[in-house]
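Examination of the molecular architecture
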Amino acid sequence: MRAVIDLIYAKREGETLGRETIEHLIEAYTADEVPDYQMSAFLMAAFLQGLDADETAALTHAMLYSGEVLDLAEVAGVKVDKHSTGGVGDKVSLILAPLVAACGVPVPMISGRSLGHSGGTLDKLESIPGFRTDLDTQQYRQQLADLGVVMIGQTAEIAPADRKLYALRDVTATVEFIPFIAASIMSKKLAEGIDALVLDVKVGKGAFMKTEAQARKLAETLAGIGEDFGKPTVALLTDMNTPLGYAIGNWPEVEESIACLKGADVPDLMEVTYALAGEMLWLGGVADSPEAGIAQAQSAIASGAAFEKFVELVEVQGGDVNMLHHPGQRPGREPAGEVVAPDGFEGYITDLDALALGQLSTRMGSGRATSADAVDPTAGITLVKHLGDPVQPDDTLAHLHTRHVAQLDAYRQAFMEAITLGEEAEPVSPRLRDRYYRGAWQSA
Ligand code: URA
């Protein structure tokens, strides 16, 4: 291998690096043979000079094979997972995984934790008392075969290079770079043993990607890697300017998911969930088209099969199923306070800033500032009024769930700063934007 200093120099000068060079570098870094100061310099050189599609694929390959790549070949069916690039109130996985499994497509899902303003599926699941996300790979495989769905956290064996690199990116201002983000996400997803993948690429204030151009580029890069690895991959571009659904925070989002699995219609949340389910059922080979898949998913909610699958999943993974049947009995769920419309105001909610509300919920206890922090499972915000809703004087706008009761007034003020009230209703833009599959965009 060329000396690491030569690689840093080459990248700094804009050279395109070969597959073997990148693979050797990542291998050596994972084995602690390259110090962080040299890897930091390499990351910044790549960030500033760019990585092309071949370099990004080589990076993904190297990160993927830095650890265990699970083989699910003995589990019958086309295994399909979904990945979201992260947002506020994004509880889609909790509804989607059991829903798709109930329709006959196995869903092996390995998820992450919340960080910064955006939530994480693992923290949401662990807010169900007793729920375990630390299954080993044998249990993961067996549960998928038996139940058709399994939801766990990243094991130490999966993509260790990503774990090391992500920590370094975090402290070297090299996180927001599409090739790194794509290699990081796809190395973990490809290690799960999937056959196909659906991506929910979020765009807007509460998303990683703030502009449509960036989000499209990320979707194309992610899907391109999936296809390169022989896994059919669909990406949907969805709006994340405002929180998805009404609940933000771990248990509040579980409660909303339970309600939706039981048939409650939260229109924006279910529109995104059904669109993703339709794609997964189509890729999984049980529906002739994504549209037919949506109809199947709607039937599985209406029949109760999706909720039943969620109950089975929670039971097998050690969670208290009584909480699913009686979510109102979850200790600590009661709000500490509420936010009320300003005196004398009559009008509409014209904006709810997803980023500001995600940050507020994190301050209230639902998230973590660093990966070492603990989360409060019941903290968060439950909106009573959503975008476009009319507001009358004294209407409750939101419930605040927090243990920091001394801060309630500050939280109320932050909530009011995060939303916009207007006298006239404004048009609400659709959640679903575009769909990308095999090199082509079409409207979703
Ligand atoms: N999520 C990941 O897993 N990795 C990134 O780099 C960004 C988001």
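A few points on the structure. (Residues numbered from 1 in each chain as written. Predicted model: local features only at pLDDT ≥ 70, side-chain atom pairs only at ≥ 80, totals over all residues. Heavy atoms only, no water.)

1. A few points about the overall build of the protein chain
Counting its secondary structure elements, the protein chain contains 17 helices and 14 strands. Along the first, second and third principal axes, the C-alpha set of the protein chain runs to 70 × 45 × 40 Å. Out of the 444 residues in the protein chain, the part that is buried amounts to 55%. Within the protein chain, counting contacts between residues at least 6 apart in sequence, those at least 24 apart form 78% of the total. For the protein chain, the exposed area adds up to about 17300 Å²; of that, 50% sits on carbon and sulfur atoms. (Helix = DSSP H or I, 4+ residues; strand = E, 2+ residues; numbered from the N terminus. Buried < 20%, exposed > 50% of the residue type's maximum accessible area, 1.4 Å probe, protein only. Contact = heavy atoms within 4.5 Å. Areas by Shrake-Rupley, 256 points an atom, 1.4 Å probe, with all protein chains shown as cover.)

2. Focus: the site of the ligand
In the vicinity of the ligand, the contacting residues are Tyr-166, Arg-169, Ile-181, Ser-184, Ile-185, Lys-188 and Phe-208. For the ligand, a nitrogen atom lies 2.6 Å from a polar atom in the side chain of Ser-184. Separating an oxygen atom of the ligand from a side-chain N or O atom of Lys-188 is a distance of 2.5 Å. Protein contact buries 85% of the 240 Å² of open area that the ligand shows by itself. In this structure the site holding the ligand corresponds to the largest pocket. Only helix 8 (160-170) and helix 9 (178-191) provide two or more residues apiece to the shell around the ligand. A per-element tally of the shell around the ligand places helix 9 first, with four residues. Residues of the shell around the ligand, tallied by class, amount to four nonpolar, one polar and two charged. (Near = heavy atom within 4 Å. Polar contact = N/O pair within 3.5 Å; in protein donor to acceptor, adjacent residues only side chain to side chain. 1 Å grid on protein atoms, 1.4 Å probe; cavity = no way out; pocket = protein on both sides within 12 Å on 5 of 7 lines; lining within 4 Å. Sits in = over half its atoms within 2 Å of the grid points. Nonpolar A, V, L, I, M, F, W, Y, C, P; charged D, E, K, R; others polar.)

3. What to know about the pattern of salt bridges
Scanning all chains against the criterion turns up 31 salt bridges. Across the pair Asp-434 and Arg-216 runs a salt bridge, and its minimum N-O distance is 2.3 Å. Placement of the pair is Asp-434 in strand 13 (residues 432-437) and Arg-216 in helix 10 (residues 212-228), with a sequence separation of 218 residues. On the basis of relative accessibility, which here comes to 14%, the residue Asp-434 falls in the buried class. A relative accessible area of 23% places Arg-216 in the partly exposed class. What you see here is one network of salt bridges that share partners, running through Glu-212, Arg-216, Asp-239, Arg-433 and Asp-434. (Salt bridge = Lys/Arg side-chain N within 4 Å of Asp/Glu carboxyl O.)

4. Thoughts on the sheet that holds strand 7 (residues 337-340)
Read across the open sheet, the four strands follow the order 6-9-11-7; overall the sheet is antiparallel. Either end of the sheet is taken by a strand with one partner, and the two such strands are strand 6 (247-248) and strand 7. Where strand 7 meets strand 11 (residues 396-401), four bridges bridge the pair, whose relative direction is antiparallel. By the bridge assignment, Val-340 is partnered in strand 11 with Thr-396. (Pairing = 2+ DSSP bridges.)

5. Topic: the pairing of strand 11
Most of strand 11 is tucked away: five of the six residues are buried. Both strand 9 (residues 380-383) and strand 11 contribute to a ladder of four bridges, which runs antiparallel. Paired with Ile-381 across the strands is Leu-400, a residue of strand 11.

6. Focus on the nonpolar core
Counting 79 residues, the largest nonpolar core has Ile-381 and Phe-415 as the members making the most contacts within it. Not counting residues within four places of it along the chain, the set of residues in contact with Ile-381 comprises Tyr-246, Ala-247, Ile-248, Leu-357, Leu-360, Ser-361, Met-364, Ala-398, His-399, Leu-400, His-401 and Phe-415. Ala-159, Ile-185, Met-186 and Ala-215 belong to the second largest nonpolar core, which has 34 residues in total. (Core = buried A, V, L, I, M, F, W, Y, C linked by side-chain atoms within 4.5 Å.)

7. Description of the packing of helix 5 (residues 92-102) against helix 12 (residues 267-283)
Packing of helix 5 against helix 12 brings their axes to within 10 Å, and their N-to-C directions diverge by 40°. The angle between helix 5 and helix 12 falls in the class oblique. In terms of crossing hand, the pair formed by helix 5 and helix 12 is right-handed. Residues Val-92, Ile-95, Leu-96, Leu-99 and Val-100 of helix 5 lie in contact with helix 12, whose contacting residues are Leu-269, Met-270, Val-272, Thr-273, Tyr-274, Leu-276, Ala-277, Met-280 and Leu-281. (Axes fitted to C-alpha atoms, helices over the stretch in contact; angles between N-to-C directions. Parallel < 35°, antiparallel > 145°, perpendicular 65-115°, else oblique. Left-handed = near helix turned anticlockwise from the far one by under 90°.)

8. Description of the packing of aromatic side chains
Summed over the entire model, instances satisfying the criterion amount to four aromatic pairs. Here Tyr-436 and Trp-441 contribute two aromatic rings whose centre-to-centre distance is 4.9 Å and whose plane-to-plane angle is 50°, an arrangement assigned as tilted. Ring pairs connect the aromatic residues Phe-47, Phe-177 and Phe-180, which therefore count as one cluster. Between Lys-164 and the ring centre of Tyr-29, over which it is positioned, the NZ or CZ distance is 4.0 Å. (Phe/Tyr/Trp six-rings, centres within 6.5 Å; stacked < 30°, edge-to-face > 60°. Lys NZ or Arg CZ within 6 Å of the ring centre and 35° of its normal.)

9. Quick word on the layout of surface pockets
Estimated volume of the largest pocket: approximately 1600 Å³. Around the largest pocket sit 45 residues that line it, and Gly-112, Arg-113, Leu-115, Tyr-166 and Lys-188 are the ones nearest its centre. Only strand 1 (80-84), strand 2 (107-111), helix 6 (121-126), helix 8 and helix 9 provide two or more residues apiece to the lining of the largest pocket. With six residues, helix 8 is the single largest residue contributor to the lining of the largest pocket. (Points joined across faces, edges and corners; volume = space filled by probe spheres on them.)

10. Examining the side chain of Thr-350
Positionally, Thr-350 belongs in strand 8 (residues 347-352). A relative accessible area of 15% places Thr-350 in the buried class.

11. Let's talk about the state of the cysteines
Considering all chains together, one arrives at zero disulfides under this definition. Distance from the sulfur of Cys-103, which forms no disulfide, to the nearest cysteine sulfur (Cys-260) is 16 Å. Here Cys-103 falls in the buried class, since its relative accessible area comes to 16%. (Disulfide = S-S within 2.5 Å.)

Function cannot be inferred from these measures alone, as they are strictly geometric.
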